[in-house]
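# A structural walkthrough
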Amino acid sequence: MKIVVCVKQVPDTTDVKIDPKTNTLIREGVASICNPFDEYAIEEALRIKEKLGGEVHVITMGPPQAIEVLRNALAVGADKVYLISDKAFAGSDTLATAYALSKTIEYIGGADLVICGKQAIDGDTAQVGPGIATRLGIPQLTYVSKIREIDLEKKKIIVERLLEYGREVVEAPLPALITVVKDINEPRLPSLIGIKKAAKAQIPTLTAKDINADENRIGLKGSPTWVVKVFTPEARGGGGEILKGELNEVVPLLVTKLMETKFIK
Amino acid sequence: MARLLIDKDLCTGCESCVPVCPFGALSMKEGIAVVDEKCTFCGACVDVCPVNAITMEKEEKAVTIDTSAFKDVWVFIEHEFGKVSGVSFELLGEGRKLANALGCKLCGMLFADPELAEGFAKEAIAYGAERVYLVESPLFKIYRTDPYAKAAVDLIRKYKPEIVLFGATTQGRDFAGTVATTLEVGLTADCTGLDIDPETKYLRQTRPAFGGNIMATILDYPNYRPQMATVRPKVFPMPERDDSRKGEIIREPLQMTEEQVRTKVLEFIRGTETVNLADAEIIVSGGRGVGGPEGFKPIRELAEVLGAAVGASRAAVDSGWISYEHQVGQTGRTVRPKIYIACGISGSIQHQAGMKTSEIIVAINKDPEAPIFKIATYGIVGDLFTVVPMLTEEFKKRLGR
Ligand SMILES: Cc1cc2nc3c(=O)[nH]c(=O)nc-3n(C[C@H](O)[C@H](O)[C@H](O)COP(=O)(O)OP(=O)(O)OC[C@H]3O[C@@H](n4cnc5c(N)ncnc54)[C@H](O)[C@@H]3O)c2cc1C
Ligand SMILES: Nc1ncnc2c1ncn2[C@@H]1O[C@H](COP(=O)(O)O)[C@@H](O)[C@H]1O
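## A short note on the site of ligand 2
All names here are of chain A. Taken together, 18 residues lie near ligand 2, and C6, V7, D38, A120 and T125 sit nearest. For ligand 2, an oxygen atom lies 3.0 Å from a polar atom in the backbone of G117. Between A126 and ligand 2, the recorded distance is 2.8 Å, taken from a backbone N or O atom to an oxygen atom. Protein burial of ligand 2: of its 480 Å² of free accessible surface, 97% is covered by the chains. Looking at the shell around ligand 2, the elements that each hand over two or more residues are β6 (55-61), α3 (94-107) and β8 (113-117).

Structure representation (C-alpha cells):
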C-alpha cells in the first residue's frame, strides 16, 4: 500500500494580528506551521501503514523553507518526503497547484491512496484535493471523518464523510483520493530519535522540469484566478453593549432585546 | 513568469508595503524594500505604495479564447432529501443583479431524479431563473461526484455560460473543483461578495482568507471562461418567490450509466441533533467554560426553547465533551446565524473565524476581559450556570413554552 500525503506550510493564524492603526495584517514574527488538517492526513496515513503495511510518502509544494513541514513528517514516521520548489511555481492558484501536485504524484510512481487535508487554513479553498483527483483520474472522497475499511485484495475503500446533516458511508475503488477532517484521529508527537533523524535527512527538491510540468499550466501563467485586492474586513460593529446590573434585571432586558429582533419564533 | 518590480529610485523606504504583504515576502534592506520568493504576486503592496514604486509585470497568457461566446449567469440548483437548498435561491437573488448588470439571462442548472425534477425547476423559475438547464436521471437520486461533474461539464461546454455559481456547501465544494479542473478554468472558493466591474464587466469575487483576517478580491483572467465561484450560504438574502413567473426548461440527457459511477453510497447516518448548524437561525454554543459534558445540559435546554442548534468551541470538542460536528471555527464549521449565543467561550481568533459574521452575537462569560465581548452585540458578565438557566426560564415565559 503506497500512500501519498499532500501537506502545505501555512502561516500560524493564531499569531496573526491586525495593526489597529493601519488596519493591516502584522506578519512580523508570525511562525509557519504545517496546515493543521494535513497533520491529520499524515497521521491517518501512518495508521493505515501500521495496519496494512506499505509506505508513506509526503509531498509539499512551496518555497525552500517549506522543507520544515517535511522534516516534521519524517520525524513522525514518513518513509519518503519530497519538496517541490521552483520559482516557476510562484503565483500558482488552486488549478495550477493541483496540476503540479498531480504531476509530482505521477513522477514518484503514483499511489494507491492520496490523502489531503480538508482545506488549507490560509486560503480555505478545499479545491486542491478534488483538483488532484481529477487530474489523476481517480475518485475523490471529501470530508472523510473515518476510514471504515480498506480491502487491498478487492482494491476498495469504505469511508464515512461528515456532511451537513450527518455521515454518509461511501465505497470507492482504489486508487482514490480522500480529504480528511479533524475528527478522523489524534496526531502523534514525534519521538526524540525521530526528530534527530529528520534533522539530518537529505530531502530531495523537485523542480518543474523534474516533474515534467507543462510551463503553461503552472505558476501565474497556469492560474486562471488573480488576486486584485487584499484588504482588512470592516471591524465588526461589536464592542457592543455589556448589560450591567443585577442578573434578575439584565436577563429579562437581554430577552427583551432579542425578542425585538423578531428572529425568535 | 510574472515579476514584482521595485523601483529603487522611487522607493522612499517608508515600509508601508512590508506589513500589508499577506505572505511576509517583503522586507527592508539598506532602506529599500526587497521581495523574496514567498511572493505570490497578489498585488497587495502595489496598491499601498504611496510613491508608486512597486509595479507588477504580468506575462501574456498562453491560451486565448473568444470570450464573447460566453454569456448568461448560471446558478447550480442544489437539493438534498427532496428539497432545494436555500443557498440556491439566495444565489438566484444575487445572480439576478449580476445578470442585470451584464444585460444577460439568469439560468438555473439542475440535475435531478425524474420524479422531482419538474417541481425543482419550477421553484427555480419562481425565484427568478428565466431558463433552467435540466438533466434528469435516476442516477441523481443521491448526490455523487461523478454524475454531477459529468452533467455540469457537458452542459457548460455546450451552452457556454459566462458565470457559474455554486453554493459553498459540502456538495458544491465537492464537485465544483472537479468541474473547474476538467474545464481548466478558475474557481474562487467560499465567496461572500460578488459584483460586476463596471468597466471590464468581469466578475469581482470577494472572499475571506487567513481565517477571516483579511479579504481578497479575485478576478479571472479574460482567457478563462466561465468565471466560477462557490458562495457561502446565508450571505445573500432570500429573494421573493413569485409562482406566476414563466421560464423555459431545456432538457439534456446524462451521458453516463450507473456502472460508470465510481463511488457507491452504502448508508446515511443522520445526525442526532434535530437542528443542524448549517441551517440554524439561532445557535447556542458552549466552550471550555461549561466545564464538562454535563455542562452542555443548560446549553441544550436554552437551545431547545429557542429552536436553536448547539455549537461548541474547539476546546470543548477536544476535551471530548461534545462531538466534532458541533465545532464552530476555523477548523470546524463556519456559521452565520441571526443570533449566536456564546457561553463560556473566550472568543479566540480561530473561533471568531467561524462565527464573526453572525448578525447578533451574545456573549456570556465570567471574565469581563474576554475577547468575545469585543465583537459581541450584547454581553453579560457572569457565571453561565446561573445566567443560561435564567435565560431559558425567561424565554419560556415570554414564548409561552
Ligand atoms: C490552527 C488552529 C485552529 C483552531 N481552530 C479552532 C476552531 O475551529 N474553533 C475553535 O473554537 N477554536 C479553534 N482553535 C482553538 C482556539 O485557539 C482556542 O483555543 C479555543 O477556541 C478556546 O476555546 P474556549 O473559548 O472554549 O476556551 P478558553 O479560551 O479556555 O475560554 C473559556 C472561557 O470561558 C469562561 N468561563 C469559564 N467558566 C465560566 C463560567 N462558569 N461561566 C461563564 N464563563 C466561564 C472563561 O472566562 C473563558 O473566557 C484553533 C487553534 C489553532 C491553533
Ligand atoms: N502547496 C501545496 N503543497 C502540498 N499540498 C497542498 C498544497 N496546497 C494544498 N495542498 C493540499 O490540499 C489540501 C487543500 O488545500 P486548499 O485547496 O488550498 O484549501 C491541503 O490540506 C493539502 O493537503
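## Here's the deal with the sheet that holds strand β13 (residues 203-209) of chain B
Reading across from one edge, β14(A)-β14(B)-β13(B)-β12(B) is the order of the four strands in this open sheet, with antiparallel pairing throughout. The open sheet has two edge strands, β14 (225-231) of chain A together with β12 (193-196) of chain B, and neither has a second partner. Strand-to-strand twist in this sheet, taken as the mean axis angle between neighbours without regard to direction, amounts to 25 degrees. In this structure, β13 of chain B lies alongside strand β14 (residues 214-220) of chain B, joined through five bridges in antiparallel fashion. Paired with P208 of chain B across the two strands is M215 of chain B, which belongs to β14 of chain B. Along the sheet, helix α3 (residues 86-102) of chain B makes contact with β12 and β13 of chain B, crossing β12 of chain B at roughly 15 degrees.

## With respect to the sheet that holds strand β17 (residues 264-270) of chain B
Read across the open sheet, the 10 strands follow the order β13(A)-β7(A)-β6(A)-β1(A)-β8(A)-β12(A)-β9(A)-β10(A)-β11(A)-β17(B); overall the sheet is mixed. The open sheet is flanked by β13 (205-206) of chain A together with β17 of chain B, the only strands paired with a single partner. One ladder, built from five bridges, connects strand β1 (residues 2-6) of chain A with β6 of chain A; its direction is parallel. Pairing of I3 of chain A across the sheet is with V56 of chain A, part of β6 of chain A.

## A few points about helix α4 (residues 114-126) of chain B
All names here are of chain B. Between its first and last C-alpha, α4 extends 19 Å over 13 residues, near the 18 Å set by a 1.5 Å rise per residue. Buried within α4 we find A117, F120, A121, E123, A124, I125 and A126. A positive backbone phi angle near 125 degrees is found at G128, which sits one or two residues after α4.

## Points about the packing of aromatic side chains
The description of an aromatic ring pair rests on the distance of the ring centres and on the angle between the ring planes. Residue and element names in this part refer to chain B. Scanning all chains against the criterion turns up 17 aromatic pairs over all chains. For the ring pair F76 and Y148, a centre distance of 6.0 Å and an interplane angle of 80 degrees mean the geometry is edge-to-face. With F76 in strand β5 (residues 73-77) and Y148 in helix α5 (residues 145-159), the pair connects residues that are 72 residues apart, well separated along the chain. Taking the relative accessible area as the measure of exposure, Y148 reaches 1% and is therefore buried. Over the ring of Y202 we find R225, and its NZ or CZ is 5.2 Å from the ring centre.

## Section: the interface of chain A and chain B
Across the boundary between the two partners, chain A contributes 97 residues, which contact 113 residues of chain B. Contact with chain B buries area across many residues of chain A, yet Y165, W226 and R236 of chain A alone supply 9% of it, more than any other trio. Between R148 of chain A and E267 of chain B there is a salt bridge, with its nearest N and O atoms 3.7 Å apart. Between the two partners, chain A and chain B, sit 36 residue pairs in polar contact (both at pLDDT 80 or more). Looking at the side of chain A that touches chain B element by element, the count peaks at 11 residues for helix α6 (residues 247-260) of chain A. Among the residues making up the side of chain A that touches chain B, the classes are represented as 48 nonpolar, 27 polar and 22 charged. Here strand β15 (residues 241-242) of chain A runs beside strand β22 (residues 378-381) of chain B; their pairing, made up of two bridges, is parallel.

## Examining the site of ligand 1
All names here are of chain B. Residues in close proximity to ligand 1 total 27 residues, the closest being R288, S313, T331, S346 and N365. The separation between a nitrogen atom of ligand 1 and a polar main-chain atom of V328 is 2.8 Å. T331 is positioned with one of its side-chain polar atoms (N or O) 2.6 Å from a nitrogen atom of ligand 1. Bound to the protein, ligand 1 loses 81% of the 980 Å² it would expose on its own. If you list the elements that add at least two residues to the shell around ligand 1, you get α8 (314-318), α9 (349-355) and α11 (384-399).

Cut-offs and rules
All chains use their own residue numbering, which begins from 1 and follows the written sequence. For naming, the first written chain is A and the first written ligand is 1, with later ones following in the order written. Predicted model: local features are reported for residues with pLDDT of at least 70 only, side-chain atom pairs are reported and counted for 80 or more only, and whole-chain, interface and lining totals are derived from all residues. Just so you know, side-chain values use all the structure's heavy atoms and leave hydrogens and water out. It suffices for a single heavy atom of a residue to lie within 4 Å of a molecule or strand for the residue to be listed as near it. Definition of a polar contact: a pair of N or O atoms within 3.5 Å, with one able to donate and the other able to accept a hydrogen when the atoms are protein atoms, and with sequence-neighbouring residues admitted only if both atoms are side-chain atoms. Here the Shrake-Rupley method, with its probe set to 1.4 Å, supplies the accessible areas, and only the displayed protein chains count as covering residues. Counting from the N terminus, the helices are DSSP H or I runs at least four residues long and the strands are E runs at least two residues long. Criterion used throughout: strands pair if DSSP finds at least two bridges between them. Geometry is summarised by axes, namely lines fitted to C-alpha atoms with helices restricted to the contacting stretch, and by angles between N-to-C directions that run from 0 to 180 degrees. The contact rule is simple, with two residues in contact once any of their heavy atoms fall within 4.5 Å. What a helix is expected to span follows from its residue count: subtract one and scale by 1.5 Å. Per-residue accessibility, obtained with a 1.4 Å probe over protein chains only, is compared with the maximum for each type, and a residue is labelled buried under 20%, exposed over 50%, and partly exposed between these values. Each Phe, Tyr or Trp ring (for Trp, its six-membered ring) is paired with any other whose centre lies within 6.5 Å, and the angle between the two planes then decides the class: stacked below 30 degrees, edge-to-face above 60, tilted in between. Two conditions define a charge located above a ring, namely a distance within 6 Å from the ring centre to NZ of Lys or CZ of Arg, and an angle within 35 degrees of the ring normal. In this description, buried area is defined as the sum, over both parts, of the accessible area (probe of 1.4 Å) that is lost when the two are combined. When a carboxyl oxygen of Asp or Glu lies within 4 Å of a side-chain nitrogen of Lys or Arg, that pair is called a salt bridge. For this classification, Asp, Glu, Lys and Arg are treated as charged, while Ala, Val, Leu, Ile, Met, Phe, Trp, Tyr, Cys and Pro are nonpolar and the rest, including Gly, are polar.

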